[in-house]
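Coordinate analysis (summary)
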Amino acid sequence: MTFQGWFLILLFIGILLALTKPIGLWLFALYEGRRTPLHVVLGPVERGFYRLAGVDPTAEQGWRRYALHMLLFNVALLTFTYAVLRLQGVLPGNPQGLAGLSPDLAFNTAVSFTTNTNWQSYGGEATMSNLSQMLGLTIHNFLSAATGIALAFALFRGFARRGAQKNGVGVIGNFWADMTRVTLYLLLPICILYTIFLIASGVPQTLAGVVDVQTLEGARQSILLGPVASQEAIKMLGTNGGGFFNANSAHPFENPTALTNFVQMLSIFLIGFGLTWTFGKAVGNTRQGWAILAAMVILFLAGVTVTYWQEAAGNPVLHQLGVGGGNMEGKEVRFGIAASALFAVVTTAASCGAVNAMHDSFTALGGMIPLFNIQLGEVVIGGVGAGIYGFLLFAILAVFVAGLMVGRTPEYVGKKIESREVKLAVLAIAVLPLMILGLTALSSVLQQGLAGPLNKGPHGFSEILYAFTSAVGNNGSAFAGLTANTPYYNGLLGVAMWVGRFFIIVPMLAIAGSLAAKKYTPESAGSFPTTGGLWVGLLVGIVLILGGLTFLPSLALGPIADHLAMIRGQLF
Amino acid sequence: MTKDLSSALRPAIVLTLLFAALLGLLYPLAMNGLGQALFPNQANGSLVRDVQGRVIGSTVLGQAFTADRYFQSRPSAAGKGYDGLSSSGSNLGPASRALVDRVRADAAKQRAEGVLGPLPADLLTASGSGLDPDLSPAGALAQAPRIARVRGLAVARVRALVAAQAEDPMLGAAHVNLLALNRALDSLSGAERR
């Protein structure tokens with residue numbers, strides 16, 4: 001570890017903390033449906049969209065209606081992309097003349113992008129035409145992100161509103177309005193500026209296809225160009241992570257310099273940081289938001305420390321062969337160890353899943369942290385919207401546990417937490433271990449599952465475990481040695497991604513609806529304080545124990561066994 | 001519930017199409033236009049041409065250097081090596097026999113060339129993309145004696161060239177671009193010959 005490395009990490013956190021309130025304020029304006037300066041330009045677009053779609057943006061929805069409308073929209077998007085990918089061969093914008101995708105791969109990819117996972121069973125440059133990248137994939141990068149933020153708004157309203165009912169049902173906003181506003185007034189404007197920055201830094205943006213090159217040594221090389229920058233911007237900002245190229249943000253055309261790398265990391269966390277502030281503002285006490293952010297940042301820094309330490313220490317197996325320094329297998333020279341380790345922890349703490357180095361080739365424990373981050377439910381900052389609503393589920397469990405310890409009715413930000421909310425929160429959180437461990441176990445015994453891993457021994461098991469963890473957690477990064485483009489993995493991972501997204505969202509919206517209908521319970525001397533250090537510590541503990549403990553046995557079989565083999569020099 | 005569903009049908013379909021047009025066509029195409037107007041060189045891949053105008057590579061993207069007279073590039077898992085249509089890392093785990101066999105063979109080659117001390121890690125490891133355009137300064141300097149011998153240059157000249165081309169960004173790691181370095185090497189040799 002170097003001074004320069006730690007400087008990078010602390011500068012990264014410092015800049016984000018400085019941006020938390022400004023971006024949080026902007027999000028709060030959208031949460032409230034207030035007019036922003038951008039309405040002058042984009043207001044007519046918003047109103048036009050509503051008119052054509054027959055949407056009344058002021059119509060309040062109960063949680064069932066909100067959920068159903070959100071689901072149906074996602075099914076429509078899924079169908080659209082499935083069709084674009086299948087028909088790729090006959091559609092224009094295909095300079096490489098690529099064929100349409102197979103049914104299982106098109107299904108997997110369409111689910112992957114709809115659920116904000118962006119798992120890449122496909123190989124980017126070898127599979128996707130320019131039109132598919134733009135029309136099939138880029139739109140999801142916007143809309144799955146906007147959906148996540150809309151859902152977070154819905155839950156915020158559950159906590160913030162006091163006895164908000166219509167026909168006896170708690171109302172939590174309008175899905176179409178939330179989703180449209182976030183897309184138009186937040187994601188699109190930032191992406192336009194971001195794209196220009198990326199192009200200036202060397203990221204291609206063209207409809208041209210392949211350029212043939214005669215290298216300095218006289219060999220031939222084909223260089224693929226495309227509309228990379230416009231997709232790259234929203235890929236990071238929306239915590240999507242699906243790259244234009246197979247190698248994702250390790251590819252020099254996606255991420256050419258140390259500066260683009262730094263900005264990409266910032267943009268993964270930007271909205272997640274801001275949403276914690278928006279939550280505090282929405283419930284009338286910004287300290288509530290800072291307390292959540294503090295717990296997240298503590299968990300994040302612990303993860304960065306372990307991964308950076310392990311990667312900088314390097315691989316003892318290679319040291320035996322005379323190789324010096326840290327672990328550079330799978331890493332790019334221009335980023336080096338610190339910026340690669342930081343990126344890996346950021347992308348898995350959030351549900352981004354973009355990678356600037358190959359996690360599969362990390363040291364055993366250095367690669368365990370990304371895996372563990374996803375298993376915690378990606379609540380350490382987390383995906384846009386998904387991170388904060390996931391974390392608030394843990395907060396509900398935390399006040400419940402605290403209530404049990406001191407023997408009082410649990411309350412959180414002025415709302416009584418009763419058995420219905422606790423049951424629903426447990427239901428949402430239980431989906432993760434059930435699906436991840438169940439499907440990993442299945443694939444570790446079935447022939448089709450065992451055909452996947454590239455590496456042998458415990459690392460091969462880690463590859464399977466990582467795949468299902470990433471799919472259910474909607475992350476999208478991989479231990480990419482796994483051959484996942486088979487009907488077995490495409491199908492099972494597709495189902496895992498769908499369940500992992502929507503089986504958490506529906507109980508979460510049910511909580512939002514039930515909370516919105518409740519009266520405000522003012523804080524009293526008997527209330528458990530949810531702003532101080534004790535609360536932050538409790539949150540960290542609950543996330544680690546309830547979120548993490550379930551997965552320890554699987555980690556012992558994978559990365560920990562791998563680590564013991566690595567330090568003994570046992571090869572597979 | 002059926003009423004909830006049917007009321008969602010029109011917005012779901014109409015907004016899918018409208019957003020597809022806005023975000024899937026208008027946005028990327030407008031960015032194409034802006035990029036081509038403002039930064040045509042970068043938007044088209046930062047291509048490098050020789051004096052005859054032939055494209056010889058991109059300043060951003062790595063290409064294979066295997067000859068003894070050039071600074072050689074890192075091992076690559078992109079296709080058969082530096083394949084621009086097949087970016088990939090090796091994805092070999094830390095205790096992989098295949099990884100150890102590859103590194104052992106490459107390390108023996110370095111030792112045969114007379115490299116002493118700890119071997120620069122980047123020289124013996126495959127990058128994440130398989131298209132890494134750079135080497136660490138240490139990885140380049142380790143090759144300086146070989147290049148000096150093959151080209152009949154003073155080792156100090158070659159080392160000075162590496163130092164002159166190296167960059168050390170605060171937010172990343174020290175590196176030297178191989179295409180630029182090797183072109184500088186060619187022009188240096190050309191100048192000496194004249």
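One numbering rule holds for all chains: residues counted from 1, following each sequence as written. Both sets of labels track the order of writing: A upward for chains, 1 upward for ligands. Totals for whole chains, interfaces and linings use every residue, but because this is a predicted model, local features are given only for residues with pLDDT of at least 70 and side-chain atom pairs only at 80 or more, for both listing and counting.

Strands are runs of DSSP state E lasting at least 2 residues, helices are runs of H or I lasting at least 4, and numbering of each runs from the N terminus. Helix and strand counts for chain B come out as 8 helices and 4 strands. Secondary structure of chain B in N-to-C order comes out as α-α-β-β-α-α-β-α-α-α-β-α. Radius of gyration here uses only the C-alpha atoms, and the compact-globule reference equals 2.2 Å multiplied by the residue count raised to the power 0.38. Taken over C-alpha atoms, the radius of gyration comes to 24 Å for chain B, far larger than the 16 Å a tight globule of 194 residues would show. When its C-alpha atoms are laid out on the principal axes, chain B stretches across 80 × 45 × 30 Å. Put simply, a residue is buried when 20 or more other C-beta atoms lie within 10 Å of its own C-beta and exposed when 12 or fewer do; between those, it is partly exposed, and each C-beta is set from the backbone. Residues classed as buried in chain B amount to 48% of the 194 residues present. Taking the contacts inside chain B whose residues are at least 6 apart along the sequence as the reference set, 52% of them involve residues at least 24 apart. We call two residues in contact when the distance between their C-beta atoms, placed using the backbone, is within 7 Å.

Looking now at the overall build of chain A. A count of helical and extended segments in chain A gives 19 helices and 6 strands. Scaling as 2.2 N^0.38, a compact globule of 572 residues should have a C-alpha radius of gyration of about 25 Å, and chain A matches this with 23 Å. C-alpha atoms of chain A, sized along the principal axes, occupy 75 × 55 × 45 Å. For chain A, with 572 residues in total, the buried portion stands at 63%. Within chain A, contacts between residues at least 6 apart in sequence are counted, and of these 79% link residues at least 24 apart.

Attention now goes to the nonpolar core. By size, the foremost hydrophobic cluster in this structure holds 249 residues, and its most contacted members are A:Leu342 and A:Phe394. Counting residues per element, this core draws most heavily on helix H5 (residues 130–160) of chain A, at 19 residues. When residues of this core are assigned to domains, at least three fall in each of domain 1 (2–43) and domain 2 (47–193) of chain B. Setting aside its immediate chain neighbours within four residues, A:Leu342 contacts A:Leu8, A:Ile9, A:Phe12, A:Met265, A:Val304 and A:Tyr308. Among buried residues, those of type Ala, Val, Leu, Ile, Met, Phe, Trp, Tyr and Cys that are joined through C-beta atoms within 7 Å form a set called a nonpolar core. The start and end points of each domain follow an automatic or database-based domain assignment.

With that settled, the discussion passes to the domain arrangement of chain B. A common way to report how large an interface is uses the accessible area buried once the components associate. Domains assigned within chain B are domain 1 (2–43) and domain 2 (47–193). Once you take the C-alpha centre of each, domain 1 of chain B and domain 2 of chain B turn out to be 42 Å apart.

This part takes up the interface of chain A and chain B. At the interface, 99 residues of chain A touch 92 residues of chain B. The element that contributes the greatest number of residues to the side of chain A that touches chain B is helix H3 (residues 63–86) of chain A, accounting for 9 residues. For the side of chain A that touches chain B, the per-class residue count stands at 59 nonpolar, 30 polar and 10 charged. Throughout, the ten residues Ala, Val, Leu, Ile, Met, Phe, Trp, Tyr, Cys and Pro are labelled nonpolar, Asp, Glu, Lys and Arg are labelled charged, and all others, Gly among them, are labelled polar.

This paragraph deals with unusual backbone geometry. At A:Thr239, a position not held by glycine, the phi torsion is positive, near 45°. Under the C-beta neighbour-count criterion, A:Thr239 is labelled buried, with 37 such atoms within 10 Å. With phi around 55°, B:Tyr82 is a residue other than glycine that occupies positive phi space. With respect to the secondary-structure elements, B:Tyr82 resides in the loop between strand E2 (55–58) and helix H3 (97–112). A count of 28 C-beta atoms within 10 Å places B:Tyr82 in the buried class.

Right, let's get into the pairing of strand E3 (residues 210–214) of chain A. Pairing geometry for E3(A) and strand E4 (residues 220–224) of chain A, over 5 bridges, is antiparallel. When the bridges of E4(A) are listed, A:Val211 appears paired with A:Ile223. Strand pairing is assigned whenever DSSP detects at least two bridges linking the two strands.

What follows concerns the packing of helix H1 (residues 3–32) of chain A against helix H8 (residues 258–282) of chain A. Residues and elements named next belong to chain A. Axis geometry follows a simple rule: fit a line to the C-alpha atoms, using only the stretch in contact for helices, then measure angles between N-to-C directions, giving values from 0 to 180 degrees. Contact geometry of H1 with H8 gives a least axis separation of 6 Å together with a crossing angle of 55°. The angle between H1 and H8 falls in the class oblique. Classified by chirality, the crossing of H8 by H1 is right-handed. Between H1 and H8, the contacting residues are Phe-12, Ile-15, Leu-16, Leu-19, Thr-20, Lys-21, Ile-23, Gly-24, Leu-27, Phe-28 and Tyr-31 on the first element and Met-265, Leu-266, Phe-269, Leu-270, Ile-271, Phe-273, Gly-274, Leu-275, Trp-277, Thr-278, Lys-281 and Ala-282 on the second. Among the residues forming the contact of H1 with H8, the class breakdown is 17 nonpolar, 4 polar and 2 charged. Just so you know how the angles are binned, under 35 degrees is roughly parallel, over 145 roughly antiparallel, 65 to 115 roughly perpendicular, and the rest oblique. By definition, any crossing whose near helix is turned counterclockwise from its far helix by less than a right angle is left-handed, and any crossing with a clockwise turn is right-handed.

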